[in-house]
Amino acid sequence: MAQTTTTISAAVGVADLIIPVTSATGFAAGNFLKLDDEFMVVTAVSGTNISVRSRGDLGSGAVAHNILAIATTGLSSDLAVQPLGQSSQVDPQFPTIVTYSEAGAIAVPTQDTMVVLNGGAARAMTLVGPGKDQDGLTMTVLNASAFAHTVTYTAGFYGDTTSSDVITFAAKAGASFICVARGGTWGLLGLTNCTIA
């Protein structure tokens, strides 16, 4: 069996055991559901509602997920996770994944994170500075929906508040930028198919 990827059709809370998806194609009882970077085991499929036995399987954290978060299903061998009954831990080298599909503030992460911007229109996002105790923290922001999203960081990614405070994504899936925390500010490590002004 191969992986099948879709999105969730509504936001999901930390304790929700029914996950609404856009398409249930490929979902089956006994498969894994990977939602952003949280793993769950599917117990039943009813229309586009996926029932799971618990949240935060395989050492992943049970967290809330925004509408249009990326949902992937498959067997354990498809998702490169341990078979049921074996102790495992999500590899710490992989960043946390958080999906945003509505305009608003990107939460400052507490560990290396990939922020995925998804949705049916361009989103205006904002970002505040990291804490001074977060030096070295990296955040990748990825355009997954081929719209010209913007991210505004009023302190300016290059330290100036008027010429480096807004990053605009090309209307291409895969456009991205990477920033790193240093001294309570964000600095850019790279831009791909993005402009800064």
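On a predicted model such as this, the values are computed, not experimentally measured, just so you know.

1. Some details on the sheet that holds strand β13 (residues 166–169)
Thought 1: Within the open sheet, the five strands sit side by side as β8-β10-β12-β13-β16. Their pairing is mixed. The sheet terminates laterally at β8 (104–106) and β16 (194–196), the two strands that pair on one side only. Strand-to-strand twist across the sheet, computed as the mean angle between neighbouring axes with direction ignored, equals 25°.
Thought 2: In this structure, strand β10 (residues 124–127) lies alongside strand β12 (residues 150–152), joined through three bridges in parallel fashion. Each bridged residue has a counterpart across the sheet, and for A124 the counterpart in β12 is T150.

2. With respect to the side chain of T73
Thought 1: For T73, the position within the fold is in strand β6 (residues 70–74).
Thought 2: A relative accessible area of 0% places T73 in the buried class.
Thought 3: Looking at T73, its side chain comes within polar contact range of the main-chain oxygen of F32, at 2.8 Å.

3. Details of the environment of D57
Thought 1: Mapped onto the elements, D57 comes out in the loop between β5 (49–52) and β6.
Thought 2: Classification of D57 as buried rests on a relative accessible area of 9%.
Thought 3: Between the C-alpha atoms of D57 and F39, which are 18 residues apart in sequence, the distance is 5.1 Å.
Thought 4: Sequence-distant contacts of D57, defined by excluding residues within four places in its chain, comprise F39, M40 and V41.

Definitions and cut-offs
- Residues numbered from 1 in each chain as written.
- Predicted model: local features only at pLDDT ≥ 70, side-chain atom pairs only at ≥ 80, totals over all residues.
- Heavy atoms only, no water.
- Pairing = 2+ DSSP bridges.
- Helix = DSSP H or I, 4+ residues; strand = E, 2+ residues; numbered from the N terminus.
- Axes fitted to C-alpha atoms, helices over the stretch in contact; angles between N-to-C directions.
- Buried < 20%, exposed > 50% of the residue type's maximum accessible area, 1.4 Å probe, protein only.
- Polar contact = N/O pair within 3.5 Å; in protein donor to acceptor, adjacent residues only side chain to side chain.
- Contact = heavy atoms within 4.5 Å.

Honestly, that's just the spatial picture; any functional story needs more than this.
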